[in-house]
Amino acid sequence: MIIKKKTKTKSSSSKKVKDSLKGKTTKKKLSKKRKPKTSVAEKRVAKKSAGHRSSRNNSKRIIDPEAMLEAKRYDNPVASRTLLLNTIKENGMMTLSSVYETLQVPEQQQEGVSRRLAAMVRDGQLVQNRRGGYLPVDEKRLIRGHVIAHAEGYGFLVPDEGGDDLFLSAKQMRGVLHGDHVVATVSGVDRRGRLEGSVISVIERANHTLIGRLFIEDGISYVVPDNTRITQNILIPADMRGAASSGQIVKVEITSQPTKRREAVAKVVDVLGDHMAPGMEIEIAIHNHGIPYEFPEEAVSQAEKLGDKVKQNDKKGRLDLRGLPLVTIDGEDARDFDDAVHCEPHGKGWQLTVAIADVAHYVDIASPLDEAGFERATSVYFPGRVVPMLPESLSNGLCSINPDVDRLCMACQMYINNHGEIESFEFREAVMRSHARLTYTKVAQALEADGTGKIPADIYPHISNLNDLYQALAAARVKRGTIEFDTTETIIDFTDDKRIRNIRPSVRNEAHKIIEECMIAANVCAAKYIAKSKYPCLYRVHEDPTDEKVEDLRSFLADLDLKLGAPSRKISSNDFAELSEQIKGRDDYHMIQNLMLRSMKQAIYKAENTGHFGLALTHYAHFTSPIRRYPDLLVHRALKHIIHRRKRTDYMYSQERMVLMGEHCSNNERRANEATRDAEFALKCEYMLDKIGQSYDAHITGVVPFGLFVELKEHYVEGLIHVTTLPKDYYVFDPKAHLLIGENRGIQFGLNDNVRIRVTRVDIDDRKIDFELISQH
């Protein structure tokens, strides 16, 4: 559910919005009025302020500077944040009772004042000492920020307002956990010249549930968190252990947060299973990252009521594309099919039709399905398992373009000339029928064999047309300066009992590229159509790299006699594309490519269209996967509003709301990527357990002061060669050249160097694989 922000007062804290978002406002005491009347409010202020904002026994009257605004908002207003803050600043440390006494707070308003003070502590306006006293935050001395913990026990405070991080010693970290929002003060400078911090109070706790392994020793139960950034053990009282056994993976709910004097206490709320049980790595990743994996009953019920067939009434008024031989082209193991394509010659070019499942027809705004989909924002694809954005009865059923059944769709019909340029396009609501379920492998093989293969003879001519169109689109792609990278993704194959059989590279053939270009073309049309209408929507934005990142890359390239664009002008996509083409065939190609990737920003969802740097496009949005991405669903809703020529005043979303939705979808996309990455590495750790002592060829993928990260060429598994295991020397780290250099013997280790290693240790709990160097070649 999206909650609109309240209007901010002139002098009140900008954090006040959080009160309503976190449900901390007193519902009964501070009920918001729908139609405030100023004149009535002014009379009310005079009457209600007398009891608690002026002393009955003191001639000095305490005036709340925001009394009128508080009265406009609430039927029963209490002291504003400004009055409370000023009072505490004037009197020094104050307890709750002294605040009541000073402001003469009536009994019926005391709960509201107490809640407001708690919110001010949470938002960092006040701090609360161990005795419960409230103190104002001295902005000159105290710093608000989030705790970033390190696996070694120490941590850092990242200030909310920017600036240098504060180093937090292991002693300071005892009372906080990774992610906590705290107030700290600068306590000194350590031997390395870092500012040291001292935690004063915790504003907001970040961890309420944790995943970890339960241990029972000498009658004492505790959980070791799976998150290596949380180094404190969590105590579990005997009566809060439930049915969990020692060694099992459990989910716990923290009942008492840690302090500097005692550890955190929690109760077991769920037993995920035995340590290293098949599929446990994915279960842990899902819970660690808070990915919703169960749908509310209301959402499941709504999806099931839709049935598995398109209703006849829903087909009315739509463009009938059932006679057009649209086909789906996906991977062999795909289960949901959300796009179909068709291509035929048209004049001096082609007509391309991209049909996308009409998810928006079934998922109404603010319905249980919609709220469940927005909460997730994306499907999460783990090795061998998918956590869908929408219930499977919808994503794999009514909204999946299965062959030989009617399906509702949103169709984009484009006319593309022989230069690969889109001359015109049209969006229509349609009904379609897929004529074949093809795979990338079958299509690629048919193209190589010029039609012979497992594709129906009546379908192949349209596949050939798609290939001809692709050649034109690919040429246009190169011309505009799209950046091409050659990266390797891996596929994990499992045995029947969910153990890893092998790890292999994902092969990208011509069929993958054909579909990618068709989807990009449709996405561009959607972005341009919506941008022209000026309706708020989400765009897929890839911003330009920062000047600092570009200069760092140029500095590195200069040592290799390479250039990246002209320093006198702004960097462009074409500059990166030219460099990428220039380095092909070099021994250090992958090293340079990795540094180019690191210099660029991640693509995100934004309500403002600022273009896509990597694709060299001025307009880009996600239109083609509404089954698995919520931003695509928003794009479909915008297109429908425009197609039906509905009133602008009836549009569903404001620009402000769309900004918040973009942030939410971007954050959840990152969460999904991190969860997938964690699960994959845990699986790879398990795969390497029986390979300790074996030797492999590898190449260096990362250089850091404490050693070398290398990837095995055979298994695509990454591990660390610690600097202490390298040939004896004193090694100096060169961050610009990405080198470890031995001062005495002159030995150098750099990115992409080939090495021979031996597997020495695999720690599946800490997700660490250690190698030792055998030779460098």
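Definitions and cut-offs
Residues numbered from 1 in each chain as written. Predicted model: local features only at pLDDT ≥ 70, side-chain atom pairs only at ≥ 80, totals over all residues. Heavy atoms only, no water. Helix = DSSP H or I, 4+ residues; strand = E, 2+ residues; numbered from the N terminus. Rg over C-alpha atoms; globule rule 2.2 N^0.38 Å. Buried < 20%, exposed > 50% of the residue type's maximum accessible area, 1.4 Å probe, protein only. Contact = heavy atoms within 4.5 Å. Areas by Shrake-Rupley, 256 points an atom, 1.4 Å probe, with all protein chains shown as cover. Lys, Arg positive; Asp, Glu negative; His and termini not counted. Charge placed at Lys NZ, Arg CZ, Asp CG, Glu CD. Pairing = 2+ DSSP bridges. Disulfide = S-S within 2.5 Å. Axes fitted to C-alpha atoms, helices over the stretch in contact; angles between N-to-C directions. Polar contact = N/O pair within 3.5 Å; in protein donor to acceptor, adjacent residues only side chain to side chain.

Colleague: Sorry, what's going on with the overall build of the protein here?
Modeller: A tally of helices and strands in the protein yields 20 helices and 33 strands. Rg of the C-alpha trace for the protein: 30 Å, near the compact-globule value of 28 Å for 777 residues, within the 12% margin. Projecting the C-alpha coordinates of the protein onto the three principal axes gives extents of approximately 100 × 75 × 65 Å. In the protein, which comprises 777 residues, the share counted as buried stands at 49%. Taking the contacts inside the protein whose residues are at least 6 apart along the sequence as the reference set, 65% of them involve residues at least 24 apart. When the accessible area of the protein is evaluated, it comes to approximately 38500 Å², of which 48% is carbon and sulfur surface. Computed over 115 positive and 108 negative side-chain charges, the inter-centroid distance for the protein is 10 Å.

Colleague: What's the story with the pairing of strand β4 (residues 155–159) in this structure? I'm lost.
Modeller: Each regular strand displays side chains that alternate between the two surfaces of the sheet. Burial along β4 is one-sided: the face carrying Gly155, Leu157 and Pro159 is buried and the face carrying Phe156 and Val158 is not. From the end of strand β3 (residues 142–149) to the start of β4, which pair antiparallel, there are 5 residues, and glycine 153 there has a positive phi angle of about 110 degrees.

Colleague: Teacher, can you tell me more about the state of the cysteines here?
Modeller: Note: disulfide means a covalent bond formed between the sulfur atoms of two cysteine side chains. Using the criterion set out here, one finds 0 disulfides in the structure. The thiol of cysteine 409 is not disulfide-bonded; the next cysteine sulfur, from cysteine 412, is found 11 Å away. Summary of cysteine pairing: cysteine 537 is not part of a disulfide, and the nearest cysteine sulfur, belonging to cysteine 665, is at 10 Å.

Colleague: Can you walk me through the sheet that holds strand β30 (residues 739–742) in this structure?
Modeller: Pairing between the strands of a sheet is mediated by backbone hydrogen bonds and can be parallel or antiparallel. Strand order in this open sheet of 3 strands is β29-β30-β31, and the pairing throughout is antiparallel. The open sheet has two free edges, formed respectively by β29 (731–734) and β31 (748–750), since each of these has just one partner strand. Shown here is a sheet whose adjacent strand axes are inclined to one another by a mean of 15 degrees, direction ignored. Across 3 bridges, the pairing between β30 and β31 is antiparallel. Residue pairing in the sheet places isoleucine 741 in a bridge with glutamine 748 of β31.

Colleague: When you look at the sheet that holds strand β32 (residues 754–763) in this model, what are you seeing that I'm missing?
Modeller: What the 5 strands build is a closed barrel, ordered β26-β27-β28-β33-β32; its pairing is mixed. In this sheet, adjacent strand axes meet at a mean angle of 50 degrees when their direction is disregarded. Where β32 lies against strand β33 (residues 768–776), 8 bridges are found, and the strand directions are antiparallel. Bridging from a neighbouring strand, arginine 756 pairs with serine 775 of β33.

Colleague: I keep staring at the side chain of threonine 87 and nothing clicks. Help me out?
Modeller: Looking at the secondary structure, you find threonine 87 in helix α4 (residues 81–91). Its relative accessible area of 8% is what places threonine 87 among the buried residues. Within the local environment of threonine 87, its side chain forms a polar contact with the backbone oxygen of leucine 83, the two atoms lying 2.7 Å apart. Those residues within four positions of threonine 87 in sequence are excluded, and the remaining contacts are Met94, Thr102 and Leu103.

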